[in-house]
There are 6 protein chains.
Amino acid sequence: MKISARNAIKGTVKKIEPGSINTEVVLEIAPGVEITAIITKHSAETLLLAEGKEAYVVIKSTDVMIAVE
Amino acid sequence: MKISARNAIKGTVKKIEPGSINTEVVLEIAPGVEITAIITKHSAETLLLAEGKEAYVVIKSTDVMIAVE
Amino acid sequence: MKISARNAIKGTVKKIEPGSINTEVVLEIAPGVEITAIITKHSAETLLLAEGKEAYVVIKSTDVMIAVE
Amino acid sequence: MKISARNAIKGTVKKIEPGSINTEVVLEIAPGVEITAIITKHSAETLLLAEGKEAYVVIKSTDVMIAVE
Amino acid sequence: MKISARNAIKGTVKKIEPGSINTEVVLEIAPGVEITAIITKHSAETLLLAEGKEAYVVIKSTDVMIAVE
Amino acid sequence: MKISARNAIKGTVKKIEPGSINTEVVLEIAPGVEITAIITKHSAETLLLAEGKEAYVVIKSTDVMIAVE
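Residues numbered from 1 in each chain as written. Chains lettered and ligands numbered in written order. Predicted model: local features only at pLDDT ≥ 70, side-chain atom pairs only at ≥ 80, totals over all residues. Heavy atoms only, no water.

A.B. asks: Mind showing me how you'd approach the interface of chain F and chain E here?
C.D. replies: How big an interface is tends to be expressed through the accessible area that disappears when the partners come together. Taken together, the 33 residues of chain F in the interface contact 34 residues of chain E. The contact between chain F and chain E buries some 3,000 Å² in all, and 64% of this surface belongs to carbon and sulfur atoms. The three residues of chain F that bury the most area against chain E are F:Tyr56, F:Ile66 and F:Val68, which together make up 20% of that side's buried surface. Scanning the region where chain F abuts chain E turns up two salt bridges. Where F:Arg6 meets E:Glu24, a salt bridge forms, and the shortest distance between an N and an O atom there is 2.9 Å. (Contact = heavy atoms within 4.5 Å. Buried area = accessible area lost by both parts, 1.4 Å probe. Salt bridge = Lys/Arg side-chain N within 4 Å of Asp/Glu carboxyl O.)

A.B. asks: Sorry, what's going on with the side chain of A:Asn7 here?
C.D. replies: Mapping A:Asn7 onto the fold places it in strand β2 (residues 7-18). Residue class for A:Asn7 comes out buried when judged on its relative accessible area of 1%. A distance of 2.7 Å separates a polar atom in the side chain of A:Asn7 from the backbone nitrogen of B:Thr36. Discounting residues that sit within four places of it in the chain, A:Asn7 has contacts with A:Val57, A:Val58, A:Ile59, A:Lys60, A:Ser61, A:Val64, B:Glu34, B:Ile35 and B:Thr36. (Helix = DSSP H or I, 4+ residues; strand = E, 2+ residues; numbered from the N terminus. Buried < 20%, exposed > 50% of the residue type's maximum accessible area, 1.4 Å probe, protein only. Polar contact = N/O pair within 3.5 Å; in protein donor to acceptor, adjacent residues only side chain to side chain.)

A.B. asks: Looking at this structure, I do not really get the UniProt feature "domain: Mop" (unreviewed entry) in chain A. What am I missing?
C.D. replies: The UniProt record marks residues 2-68 of chain A with the feature "domain: Mop" (unreviewed entry), using the residue numbering of this structure. As annotated, residues 2-68 of chain A comprises 9% helix and 61% strand, and the C-alpha atoms at either end are separated by 32 Å. (UniProt positions renumbered as here; feature names shortened; annotations may be inferred.)

A.B. asks: Just to check I follow, could you spell out the relation of the copies chain C and chain A for this structure?
C.D. replies: Two chain copies, one operation linking them: a rotation about an axis together with a shift along it. Expressed as a screw transformation, the operator carrying chain C onto chain A has a rotation angle of 180° and an axial translation of 0.0 Å, and the superposed copies differ by an RMSD of 0.0 Å. The symmetry that links the two subunits is that of a two-fold axis. For chain C, the minimum C-alpha distance to the rotation axis belongs to C:Met1 and amounts to 2.9 Å. By residue overlap, the copies meet face to face through one surface: 100% of the interface positions of chain C are interface positions in chain A. (Least-squares fit on C-alpha atoms with pLDDT ≥ 70 in both.)

A.B. asks: Explain the sheet that holds strand β6 (residues 65-68) of chain F here, please?
C.D. replies: What the six strands build is an open sheet, ordered β1(D)-β6(F)-β5(E)-β2(E)-β3(E)-β4(E); its pairing is antiparallel. The outermost strands of the open sheet, each flanked by one partner alone, are β1 (2-3) of chain D together with β4 (33-40) of chain E. Of the strand pairs in this sheet, strand β3 (residues 22-30) of chain E and β4(E) are connected by eight bridges, and their pairing is antiparallel. Residue pairing across strands places E:Glu28 opposite E:Glu34, the latter belonging to β4(E). (Pairing = 2+ DSSP bridges.)

A.B. asks: I'm lost on the side chain of A:Asp63 in this one. Help?
C.D. replies: Relative to the helices and strands, A:Asp63 resides in the loop between β5 (54-59) and β6 (65-68). Buried within the structure, A:Asp63 lacks any salt-bridge partner; F:Lys60 is the closest side chain of opposite charge, at an N-O distance of 6.6 Å. Setting aside anything within four residues of it in sequence, one finds A:Asp63 in contact with B:Val58, B:Ile59, B:Asp63, D:Asp63, F:Lys60 and F:Asp63. (Lys, Arg positive; Asp, Glu negative; His and termini not counted.)

As structure tokens, then:
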């Protein structure tokens, strides 16, 4: 499946922390560069996410902000 | 200023394409890893974004999805 | 590819209206039930979207609100 | 009240699963077509959501992605 | 209609700037406090928005970030 | 740091309610005008949020909807 979201970046699952409804997932997408996602616990289980596993972060471009110092 | 958004990643502006209301901005956040943002043209101008300039992508963790192959 | 977004609904593209940066896409996901998406013009072109073509709407569950009368 | 969100689709509440802060709500919007929403537990209670009750899913069009096979 | 979005704040339309697909709308929600929205041009027209008119900004609580100095 | 999000409004933290993964934060941004945010518990702790403390709500303009009566 090909999705309209402009950002799909391959990485490795570093940490998974399940809550009651949501689960926090941290992926390393480049050496020392991590992205944190909050997905439903249901999705985390369905995707069989596990530490060390390869996965993609997918982000719609309208959800990305830019900041400068 | 410190923000609750969990993801703030430093990068370099690679491309800026202004539309009528929105502007598309591409940043390289690691060698070969790019993130595309759609921000308002007004913001792109206020931040003085320019190709080659350093900037951060900022993404709220609830806006990040995970995919697996 | 399998994505964490809980909502992926098959439909048929009914209308495509390109703007300068964004494109408005209307899909019929059930008889008489339409969903409108704003995606980048770049994505609409990459996905080769065309009226009459089958496609999916994908929506993260945190982006869905509920209303009652 | 009339809202700018382009997508407001009538359905029936199929499942409600409360967490600590958020509640997961599943609506059937057409025969066999379900949409999952994550809303705050506070909102689920204020709206008096209950299984079998009619409700609308409301989705801003910028939050809808498109995928093709 | 009652919506799950936790934030619905009354204000006055101060500025409307239509683009090709999207329209930028600025509302004053308290003396000197403005909120900018990007909605589709189609919605802005359907809602008959006009400068000086009363309207509400509606924001899902998961879309609100917090920052501190 | 200067961010592309068009809405950054100063307020006072009125209530903090931590869940398992997310925390609900209510800010008063003008007399009688409150905004509710759902951020990660991790962020709420990192920002050292506390009732009575000054903070900003930050909202991307694409996440703001407009409603009229």
